[in-house]
Amino acid sequence: TQFVIRTVLLAMARTNAWHRADRISGVCLLVLTSVAEGLAGYASGTELYESAGLQSGAAPDHLPGMSDLDDDVGVQLMQKSRRIVHGVLAPADAPPPPTDDKPRPVDIGPWGFDIEGMDLKLQPGDNWVDYTSGEWLKKTTIPDDQSSWTAFSSLQELTKFQIRDLLEEGAKANSLTGTLYASYMDEATIEAKGLSPVLPFLEKIKQLATASDFATFCGETLFGFGSSPFGFGVGADAKDPDMNVAQLSQDGLGLPSRDYYLEETFSKQKKAYADYIVLMLGKIGWPEPEAAGAEVLAFEESVAKVSWSVEARRDPEKTYNKMTIADLTVKAPGFDWAAYMESAGRVPGNAPLVVSEWNETAKDGVIGIAAIIGSTDLTTLRAWSAFHFISGAASYLSKEYVDAAFGLSKALSGQETQKLRWKRGVGNANSFLPDAVGKDYVEKYFPASSKKTMDELTSLLKEAFAARIKNVAWMTNATKEAAQQKLASFTFEIGYPKKFKDYSEMSMDKTDLFGNLEKALAFSARWDLSQLGKQVDKAYWGMPPQTVNAFFEPDRNRCVFLAAILQPPFFYAEGDMAVNFGSIGAVIGHEMTHGFDDQGRLYDAEGKLNDWWTPADTAEFTKRADQYGEQFAKFTSGLPEGMHIRPQLTMGENIADLGGLTIAYEAWQMWQKNSYTPQPPMLEEYGSGGSQSEGDRRFFAGWAQVWRSKYRPSALINRLTTDPHSPGPARATIPVQNLGAWYAAYGVKPGEGLFLDAAERVVIW
């Protein structure tokens with residue numbers, strides 16, 4: 001009986017037997033669905049939904065040296081959503097309430113777009129976001145354990161459930177990832193240990209007697225729970241991208257950016273941070289915590305004053321300063337560089353080093369921070385080290401310290417409650433053993449069919465981009481030719497990397513969370529440092545596949561689409577291809593355009609930092625980019641009063657959105673010449689024409705759907721200040737305003753709020 005009902009349901013779904021007007025059929029199908037699940041005895045309806053060809057995914061995190069699609073969280077994971085098929089069968093105005101036992105549903109309709117989430121009373125030319133997502137915005141609440149809720153969040157939440165299943169199975173089998181997860185979930189043992197795991201480190205901090213001792217400790221704990229006034233790592237040399245080189249940057253701040261220390265807008269957040277410093281120093285018994293806390297904050301305020309802005313740090317040329325450690329000692333006095341590099345990883349004094357924030361005239365950035373350290377007494381530096389160590393370790397200690405750390409997070413993000421313990425355990429495993437979790441994830445959840453379809457789409461998008469470059473009117477032939485050579489060098493990797501890091505020599509203990517994390521951190525440090533001075537191994541990725549994201553690496557001219565993003569609402573194999581082109585197609589175009597945005601355009605066909613543009617083309621590109629940036633600077637819809645999008649911070653992502661949507665539309669036009677018959681229900685309330693207009697409407701609706709978002713005020717302020725990605729409403733709206741096809745598809749006319757005259761619309765690619 002279950003088999004027959006399942007077959008009938010899938011057949012009806014695929015032929016769109018139910019749609020909005022068919023309320024009676026909808027009720028019947030809901031009843032049949034319940035009967036099918038009851039007869040099968042499946043609480044999750046697993047077989048039914050697997051049969052529909054539906055898959056799952058994960059979450060993102062922005063990494064230096066690459067441009068990613070979104071920066072909307074750290075690594076998170078998910079499980080199959082019953083709602084994916086219910087989007088075909090059930091009215092979207094009655095979603096099942098989220099519980100601890102299943103993820104919040106992903107809203108997609110019969111062919112991949114959530115029509116029920118639209119507000120058709122509005123004109124798309126006046127309010128595109130509310131027209132495409134008004135009902136979704138009304139019914140959607142941000143979960144208490146989140147600071148925002150977006151299309152990315154839906155997939156991240158789903159993926160947590162998937163990964164939990166993998167980790168629980170692994171715990172029973174005593175696998176590495178399962179053992180780490182089990183140690184995180186053993187709250188009784190963690191509570192019993194209290195502060196004891198960090199006491200040896202705190203005692204060592206108290207014994208720091210010289211400036212060299214301080215530098216040595218910073219280096220020793222750099223890859224652990226400690227902190228350092230400088231960031232240090234190993235990565236590809238931007239001007240010799242086949243070789244790995246040591247890299248150094250400014251650091252040392254506990255708040256999200258320098259602005260939080262220097263601007264009155266963030267006085268509330270700075271006060272919360274000041275209280276947190278005192279609280280944590282008090283909890284570890286530090287002498288005179290109030291006075292010590294004030295000194296720590298004053299030290300960080302001094303560091304903030306000489307730190308580069310987030311905008312300045314985006315310049316690839318200005319942040320490429322090659323030297324040696326010996327050069328640092330002479331030109332950036334105040335910090336014992338030799339002791340720091342020796343303890344961090346035995347980096348020799350003559351090893352090449354690329355420093356990011358370096359200006360010998362202004363003496364800010366790395367030079368300025370070193371000078372501040374040199375003029376700061378050891379009492380303050382010890383207190384600063386102790387505070388950052390306990391703050392970094394707090395989330396892995398007993399509840400007292402976990403709660404204290406969450407208090408600051410709540411003040412900065414607006415998140416109401418902590419995530420459930422198991423969700424934090426999933427995030428912990430993803431953070432400390434990303435490749436091990438990723439390998440298990442793709443083996444179980446990533447289908448070969450998704451890779452095949454993505455191969456076809458990337459090929460078509462690349463062809464469309466080549467056509468755009470050929471026909472772009474403002475660029476000279478010399479630069480066009482070089483641009484075509486660069487585009488031809490692009491490679492695409494889909495799903496998972498060719499190599500995963502090998503953890504086979506590592507062991508873990510279910511009763512020792514802190515010790516397990518130290519082992520994982522030590523492994524990561526050894527692996528990174530082992531690459532120093534060697535050829536770059538391009539078989540590895542900088543993000544694990546269980547991440548809901550995609551990224552572009554300018555030094556490799558490589559576009560990567562991780563397994564977890566290849567599912568609804570970004571990619572729906574059973575859905576309408578117009579929607580797929582507007583969503584995953586635009587994602588592909590977005591990552592390709594990063595190779596030609598204000599940063600990526602400075603890298604050549606070999607991935608070298610090498611400006612290949614004529615001066616005239618550079619001037620014209622900059623003029624157009626600035627004109628486009630002004631549109632973002634003027635965008636205020638949904639933003640806190642007095643806050644604005646910073647166009648120089650978000651320029652690269654903004655250009656990638658415009659280019660991605662433009663290229664995807666070109667590819668969609670190429671694809672639909674074959675055959676395209678849209679299935680009901682139609683988006684025909686606005687605009688006119690046959691199937692092409694309907695397809696175009698779906699294309700742009702698919703784009704809007706992936707940028708649905710709601711933010712808590714504190715989280716949105718943080719995003720506007722630190723994140724190179726503009727908020728979702730701006731990403732959904734501004735690119736379409738610059739494409740003539742959007743106006744034609746929805747009949748947008750002069751006098752409507754979003755209408756731009758043809759002369760105001762920006763064309764870059």
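Residues numbered from 1 in each chain as written. Predicted model: local features only at pLDDT ≥ 70, side-chain atom pairs only at ≥ 80, totals over all residues. Heavy atoms only, no water.

1. Looking at the packing of aromatic side chains
Describing an aromatic ring pair means giving the distance of the ring centres and the angle of the ring planes.
Okay, step 1: As enumerated under the stated definition, the model contains 53 aromatic pairs in all.
Okay, step 2: Ring plane angle 25° and centroid distance 4.7 Å describe the contact between Phe-225 and Phe-514, whose orientation is recorded as stacked. Taken as a pair, Phe-225 in the loop between α10 (211–220) and β3 (230–237) and Phe-514 in helix α23 (residues 513–530) lie far apart in primary sequence, 289 residues in all.
Okay, step 3: A relative accessible area of 5% means that Phe-514 is categorised as buried.
Okay, step 4: An aromatic cluster is defined as three or more aromatic residues linked by ring pairs; in this entry it consists of Phe-465, Trp-474, Phe-490, Phe-552, Phe-596, Trp-612, Trp-613, Phe-621 and Trp-765.
Okay, step 5: When the ring centre of Trp-422 is taken as reference, the NZ or CZ atom of Arg-164 above it lies at 4.1 Å.
Okay, step 6: Lying over the aromatic face of Trp-707, Arg-731 brings its terminal NZ or CZ to 3.8 Å of the ring centre. (Phe/Tyr/Trp six-rings, centres within 6.5 Å; stacked < 30°, edge-to-face > 60°. Helix = DSSP H or I, 4+ residues; strand = E, 2+ residues; numbered from the N terminus. Buried < 20%, exposed > 50% of the residue type's maximum accessible area, 1.4 Å probe, protein only. Lys NZ or Arg CZ within 6 Å of the ring centre and 35° of its normal.)

2. Things to note about the sheet that holds strand β1 (residues 67–68)
Okay, step 1: Pairing in this open sheet of four strands is mixed, and the strands run β1-β9-β10-β8 from one edge to the other. With partners counted over all chains shown, the strands left at the sheet margins are β1 and β8 (491–495), one partner each.
Okay, step 2: By the bridge criterion, two bridges tie β1 to strand β9 (residues 550–553) in an arrangement that is antiparallel. Residue pairing for β9: Ser-67 is matched across the bridge by Phe-552. (Pairing = 2+ DSSP bridges.)

3. Digging into the pattern of salt bridges
Okay, step 1: One pass over the full model with this rule turns up 42 salt bridges.
Okay, step 2: Linking Lys-423 and Asp-145 is a salt bridge whose minimum nitrogen-to-oxygen distance equals 3.4 Å. Of this pair, Lys-423 sits in helix α19 (residues 421–432) while Asp-145 sits in the loop between α5 (128–139) and β2 (148–150); the two residues are 278 residues apart in sequence, bridging distant segments of the chain.
Okay, step 3: Residue classification places Asp-145 among the buried positions, given a relative accessible area of 10%.
Okay, step 4: The residue Glu-620 makes a salt bridge to Arg-624 at a minimum N-O spacing of 2.8 Å. (Salt bridge = Lys/Arg side-chain N within 4 Å of Asp/Glu carboxyl O.)

4. Points about the sheet that holds strand β6 (residues 352–355)
Okay, step 1: The strand order across the open sheet built from four strands is β3-β4-β6-β5, with neighbouring strands paired in mixed fashion. Looking at which strands have only one partner, the edges of the open sheet turn out to be β3 and β5 (321–324). Looking at each pair of strands side by side, their axes are set apart by 35° on average, direction ignored.
Okay, step 2: Against the sheet, helix α16 (residues 365–374) engages β3, β4 (240–250) and β6, with an angle of about 40° to β4. (Axes fitted to C-alpha atoms, helices over the stretch in contact; angles between N-to-C directions. Contact = heavy atoms within 4.5 Å.)

5. A closer look at the confidence of the model for the protein
Okay, step 1: For the protein, the average pLDDT comes to 88, and 87% of its residues sit at 70 or higher.
Okay, step 2: This stretch, residues 1–64, has a pLDDT under 50; its non-local contacts, to residues over four places away or in other chains, come to 137 contacts.
Okay, step 3: A low-confidence stretch, residues 72–99 (pLDDT under 50), is modelled with 124 contacts involving residues beyond four sequence positions or located in other chains. (pLDDT = per-residue confidence, 0-100.)

6. What about the nonpolar core?
Okay, step 1: Of all hydrophobic cores here, the largest spans 204 residues; its most connected members are Phe-232, Leu-248, Leu-328, Trp-337, Tyr-340, Phe-570 and Phe-700.
Okay, step 2: Counting residues per element, this core draws most heavily on helix α26 (residues 647–672), at nine residues.
Okay, step 3: Counting residues in each nonpolar core, the second largest holds seven residues, with Ala-238, Val-245, Tyr-320 and Tyr-603 among its members. (Core = buried A, V, L, I, M, F, W, Y, C linked by side-chain atoms within 4.5 Å.)

7. What about unusual backbone geometry?
Okay, step 1: Of the consecutive residues Pro-568 and Pro-569, the connecting peptide bond is found in the cis state with omega at 5°.
Okay, step 2: Within the secondary structure, Pro-569 is located in the loop between β10 (558–562) and α24 (577–593).
Okay, step 3: Residue Pro-680 is joined to Pro-681 through a cis peptide bond whose omega torsion reads 0°.
Okay, step 4: With respect to the helices and strands, the residue Pro-681 is situated in the loop between α26 and α27 (691–706).
Okay, step 5: In this structure, Asn-174 is a non-glycine residue whose phi angle is positive, near 60°.
Okay, step 6: Mapped onto the elements of the fold, Asn-174 is located in the loop between α6 (151–172) and α7 (176–185).
Okay, step 7: Even without being glycine, Arg-346 reaches a positive phi, approximately 50°.
Okay, step 8: The topology assignment puts Arg-346 in the loop between α15 (337–345) and β6.
Okay, step 9: Overall, the relative accessible area of 66% leaves Arg-346 in the exposed class.

8. Considerations on the pairing of β4
Okay, step 1: One ladder, built from eight bridges, connects β3 with β4; its direction is antiparallel. Within β4, the position partnered with Ala-236 by the bridge is Asn-244.
Okay, step 2: The turn joining β3 and β4, which pair antiparallel and follow one another in sequence, is formed by two residues.
Okay, step 3: Strand direction decides the pairing type here: β4 and β6, joined by three bridges, are parallel. Residue pairing for β6: Leu-248 is matched across the bridge by Val-355.

9. Some words on the pairing of β9
Okay, step 1: The two faces of β9 match: Ala-550 and Phe-552 on one face and Phe-551 and Glu-553 on the other face are all buried.
Okay, step 2: Two strands pair when backbone bridges link them, and β9 and β10 are joined in this way by four bridges, in the antiparallel orientation. Residue pairing across strands places Ala-550 opposite Phe-561, the latter belonging to β10.
Okay, step 3: Here β9 hands over to β10 after four residues, with Asn-557 in that stretch at a positive phi of 50°.

10. Details of the packing of α10 against helix α17 (residues 378–393)
Okay, step 1: At a minimum axis distance of 10 Å, the contact between α10 and α17 shows a crossing angle of 15°. By the angle between their axes, α10 is roughly parallel relative to α17. For α10 against α17, the interelement crossing comes out left-handed. When α10 is examined against α17, the residues Ala-211, Phe-214 and Phe-217 are found in contact with a partner set consisting of Leu-378, Leu-381, Trp-384, Ser-385 and Phe-389.
Okay, step 2: Looking at the contact of α10 with α17, its residues break down into seven nonpolar, one polar and no charged. (Parallel < 35°, antiparallel > 145°, perpendicular 65-115°, else oblique. Left-handed = near helix turned anticlockwise from the far one by under 90°. Nonpolar A, V, L, I, M, F, W, Y, C, P; charged D, E, K, R; others polar.)

11. Here we look at α26
Okay, step 1: If you check α26, its first and last C-alpha atoms are 35 Å apart, about what 26 residues at 1.5 Å a residue would give, namely 38 Å.
Okay, step 2: At Glu-653, α26 shows its maximal kink, close to 35°.
Okay, step 3: The buried fraction of α26 amounts to 22 of the 26 residues, a majority that puts the element mostly inside the structure. (Expected span 1.5 Å × (residues − 1). Bend = angle between axes of the 7 residues up to and from the residue.)

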